[in-house]
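# Chain and residue survey
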Amino acid sequence: MFFSLGCATALPIDSIEISAISVRGNLGRVRVYAKNVHLKTFDDALPPVDVSERYGHYSANDANVADLMDAEAWGEPAYDEEHRPSYDELVALKLNAPITLRVGEKVQVYVHTDARSDKGLVYDDERDVLGRPKCDGVLQIYPGYAHLSHEPFGKAAPWYAEDETMVSSLRKDRRFVGMVSYGVRWMLWQPEREIHARFPSEFQEVVRTMLRGMRDPGSILSVLDENVMMYTLNKYVGWEWFGRTLKAREYPPFAESSGSPRVDVVLEALFLEHVKEGNEQPPYDDTHSMEFVATAMVRTIVSRSPELRMMLHGCTLRHRVEALLHMLRSCYEKVVQAKSDRKTQGSQIVGIKQKYLLPEYNAQAIANDLDTVRNVTNIICTHVSHLEGWRPDVRSNTHRMSPDEHKSDETDLSTVQEVLEDHIRSLRMPLKSFMNMNSPRPYGDVFDDLDDDDDDFDDDDDEDDWEADEGDWIDYTSTE
């Protein structure tokens, strides 16, 4: 299983140390590799998107596949031991040396078993178009690829022959099932602006009060030596002693346009249809409504990915409507979930009562996140090219279609609304019902028509793509 681990948190944490990864399955000889610890930012260039997969096969020249299968780049395993089969109980793989991640960093992880079947390691399907990570407030576990070969970095699944030009051993959109054990190294307070700002507002106020008192001859604090006070605050005062009110972080704003007028007009039609109630005028100025935020998220995701924007711009109007509706529904689910969690009192994640401080609960953070953009691009581009019948070797030419090559009415709102209404009728339910996360999904999970028929080892019962199963999660331990 190839997947990534990240450390993103509003807490004043210096770093985390991942000491073990627990898994279950047929096992056998189990190896764990780790590579490419790097800083994750919103300003990074979008990595190559994964659109070469065709029914469980990849081109050996695919950039994503080449990165995963480069054995030399992964180096020596961080763990290599034999294990008996364990389908129900998790087996801890204690790493030779801990993986250290500072706040904002990510690392690629590869867990491999030499079992000669696809039952070597339990994993789960990824059911979220946005590909959001599992998160406990500190550690994020991102979806990745299942690897079905009994050989490390092997290119063929057990039921396919070796082919130098193709890779058949990878299955995208899969989730790690197990447990990650890690320790936290808390940040020590220092009289530096950036570090001071990471601490709760109550801690900051205590520091300011003590500094003022030391400079006031009438205060008893004036007898303190400044170096003694600084040393005490640095070494002996915990970050949460005075309160846990953390400042909400700022994220890049929503994009005002997707970059494609054809996409923008479809999003406008979807928004108007979603907020429509009887004959009332839609709330154009309600910029805080869940419908508006979800639409802005889709617009921003499209604007961040040239590949996705050109794919949606060049496809037929009906397929554009269908793809954007899928994206809008996923974004709307996240907005509804985040709003529900804001109202939940006493909900605590590793010391954070306000879940919305986490990137996973912030609409701007989700829409601008490169992992989200990449995952949406992978799924939507593959789906649209499949519907359009575009082969990978000619799809790039289709992307270069000029606006004149399509009918000009594709940017006409009334025309788009007609196509949208016809598509909604095919759903056999109102749009509001379709957008309800508890309603049945006419499309199945995520585009079932692209699923391969292989008997992958997918027996995890997690039906919720936002929270994890009990027992298949993160073991949180703290180290001084």
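Reading the values: the criteria
- Sequence positions are assigned chain by chain, starting from 1 and proceeding in written order.
- Since the coordinates come from a predicted model, pLDDT governs what is reported: local features require at least 70, and pairs of side-chain atoms require 80 or more to be given and counted, while whole-chain, interface and lining totals use all residues.
- Only hydrogens and water are removed before side-chain values are computed, so all heavy atoms of the structure are retained for them.
- Strands here mean DSSP runs of E at least two residues long; helices mean DSSP runs of H or I at least four residues long; both are numbered from the N terminus.
- Using a 1.4 Å probe on the protein chains alone, a residue whose accessible area is under 20% of its type maximum counts as buried, one over 50% counts as exposed, and one in between counts as partly exposed.
- By definition in these notes, contact holds between two residues if any of their heavy atoms fall within 4.5 Å.
- What pLDDT conveys is the predictor's confidence in a given residue, as a value from 0 to 100.
- Where helices are involved, their axes are fitted lines through C-alpha atoms of the stretch in contact, as for all axes, and angles between N-to-C directions lie from 0 to 180°.
- In these notes the angle categories are as follows: under 35 degrees is roughly parallel, over 145 is roughly antiparallel, 65 to 115 is roughly perpendicular, and the rest is oblique.
- Note on convention: the crossing is left-handed when the near helix lies turned anticlockwise from the far helix by less than a right angle, right-handed when the turn is clockwise.
- Charged-residue counts in this description rest on Lys and Arg as positive and Asp and Glu as negative, His and the chain ends being excluded.
- What counts as a salt bridge is simple: a side-chain nitrogen of Lys or Arg found within 4 Å of a carboxyl oxygen of Asp or Glu.
- Note on ring pairs: Phe, Tyr and Trp rings are taken, using the six-membered ring of Trp, and paired if centres are within 6.5 Å. Classes follow the plane angle, with under 30 degrees stacked, over 60 edge-to-face and the rest tilted.
- Lysine and arginine charges are scored as sitting over a ring when NZ or CZ, respectively, is within 6 Å of the ring centre and within 35 degrees of the ring normal.
- Candidate patch residues must exceed 30% relative accessible area and have no salt bridge, after which like charges are joined if within 9 Å and Val, Leu, Ile, Met, Phe, Trp or Tyr side chains if within 5 Å.
- Calculation of accessible area relied on Shrake-Rupley with a 1.4 Å probe; when residues are assessed, cover is drawn exclusively from the protein chains displayed.
- Taken as the charge location is NZ of Lys, CZ of Arg, CG of Asp or CD of Glu.
- Residues belong to a common nonpolar core when they are buried Ala, Val, Leu, Ile, Met, Phe, Trp, Tyr or Cys residues joined through side-chain atoms within 4.5 Å.
- What marks off one domain from the next here is an automatic or database domain assignment.
- One requirement defines pairing of two strands: DSSP has to find at least two bridges between them.
- Expected span of a helix, by definition, is 1.5 Å for each gap between consecutive residues, and there is one gap fewer than residues.
- A 3.5 Å cut-off defines polar contacts: any pair of N or O atoms within that distance qualifies, except that in protein one atom must be a possible hydrogen donor and the other a possible acceptor, and neighbouring residues in sequence count only when both atoms are side-chain atoms.

What follows is about the overall build of the protein. A tally of regular secondary structure across the protein gives 14 helices and 14 strands. Sorting the 480 residues of the protein into buried and exposed places 52% on the buried side. Sequence separation of 24 or more characterises 83% of the internal contacts of the protein that already satisfy a separation of 6 or more.

Here the protein averages 81 in pLDDT, while 80% of its residues score no lower than 70. When the elements of the protein are averaged for pLDDT, strand β14 (residues 474-476) gives the smallest value, 37, and strand β5 (residues 79-83) the largest, 96. Throughout residues 278-285 the model reports pLDDT below 50, and contacts reaching past four residues in sequence, or to other chains, amount to 5 contacts. Under a pLDDT of 50 for its full length, residues 393-401 has, in the predicted model, 13 contacts with residues more than four places off or in other chains.

Where helix α6 (residues 261-275) meets helix α13 (residues 413-427), the closest approach of the two axes is 9 Å, and the angle between their N-to-C directions is 60 degrees. In terms of axis orientation, α6 runs oblique to α13. Here the hand of the crossing between α6 and α13 comes out right-handed. Contacts between α6 and α13 involve V265, V266, E268, A269, L270, L272 and E273 on the former and, on the latter, L413, V416, Q417, L420 and I424.

Our next topic: the packing of helix α7 (residues 290-304) against helix α8 (residues 306-314). Packed helix pairs are characterised by how far apart their axes lie and by the angle those axes make with each other. Between α7 and α8, whose axes approach to 5 Å, the crossing angle comes to 105 degrees. Taken together, the axes of α7 and α8 are roughly perpendicular relative to one another. Contacts between α7 and α8 involve I301, V302, S303 and R304 on the former and, on the latter, P306, L308, R309 and L312.

Before going further, it helps to examine the side chain of R309. Note that R309 resides in helix α8. Lacking a salt bridge, the buried R309 has D264 as its closest oppositely charged neighbour, with an N-O distance of 9.1 Å. Those residues in contact with R309, other than ones at most four positions away along the chain, are S258, G259, S260, V302 and S303.

This model, assessed by the stated rule, comprises 16 aromatic pairs. Here the aromatic residues F2, Y33, W74, Y110 and F153 are joined through ring pairs into a cluster of three or more. Here K106 stacks its cationic end above the ring of Y142, 4.1 Å away from the centre of that ring. The positively charged end of R329 is found above the aromatic ring belonging to F434, 4.4 Å away from the centroid.

This paragraph deals with a nonpolar patch on the surface. Taken together, I220, V223 and L224 make up a surface patch of nonpolar side chains, about 330 Å² in accessible area. Within the secondary structure, L224 sits in the loop between α4 (201-214) and α5 (226-235).

Looking now at a negative patch on the surface. Among the surface-exposed residues, E151, E162, D163 and E164 lie close enough to one another that they form a single negatively charged patch. Of note, D163 is situated in the loop between β10 (139-147) and β11 (166-167). By relative accessible area, which is 35% here, D163 ends up partly exposed.

On to the nonpolar core, then. Core analysis: the largest hydrophobic core is formed by 50 residues, its most contacted members being L5, I16, I18 and V111. Two domains each put at least three residues into this core: domain 1 (2-185) and domain 2 (189-241).

In this structure the tally under the stated criterion is 18 salt bridges. When the shortest N-O distance is used, the salt bridge between R212 and E205 registers 3.3 Å. Among the residues examined, R212 registers a relative accessible area of 48% and is labelled partly exposed. Among the ionic contacts, a cluster of salt bridges with common partners joins E205, R208 and R212.

All right, on to the pairing of strand β2 (residues 13-25) then. Among the 13 residues in β2, 10 count as buried, and that is most of the element. Two strands pair when backbone bridges link them, and β2 and strand β13 (residues 179-186) are joined in this way by 8 bridges, in the antiparallel orientation. Its bridge partner being in β13, S15 is matched across the sheet by R185. For β2 and strand β6 (residues 86-102), the ladder comprises 9 bridges, and the chain directions are antiparallel. Across the sheet, E17 pairs through a bridge with T100, a residue of β6.

Moving on: α4. In this model α4 runs 20 Å from its N-terminal to its C-terminal C-alpha over 14 residues, within 8% of the 20 Å that 1.5 Å per residue would give. Burial in α4 covers these residues: F203, Q204, V207, G213 and M214. Residues of α4 that are buried make contact with α3 (193-198) and α5.

So, on to unusual backbone geometry. With a phi angle near 65 degrees, F153 is a residue other than glycine that sits in the positive phi range. For F153, the location among the structural elements is in the loop between β10 and β11. Even without glycine at this site, R428 takes up a positive phi of about 65 degrees. Along the chain, R428 falls in the loop between α13 and α14 (431-435).

Now for the environment of Y87. Mapped onto the fold, Y87 is located in strand β6. Sequence-wise, Y87 and L27 are 60 residues apart; in three dimensions their C-alpha atoms are separated by 8.8 Å. Only 3.0 Å separates the side chain of Y87 from the side chain of N26, close enough to count as a polar contact.

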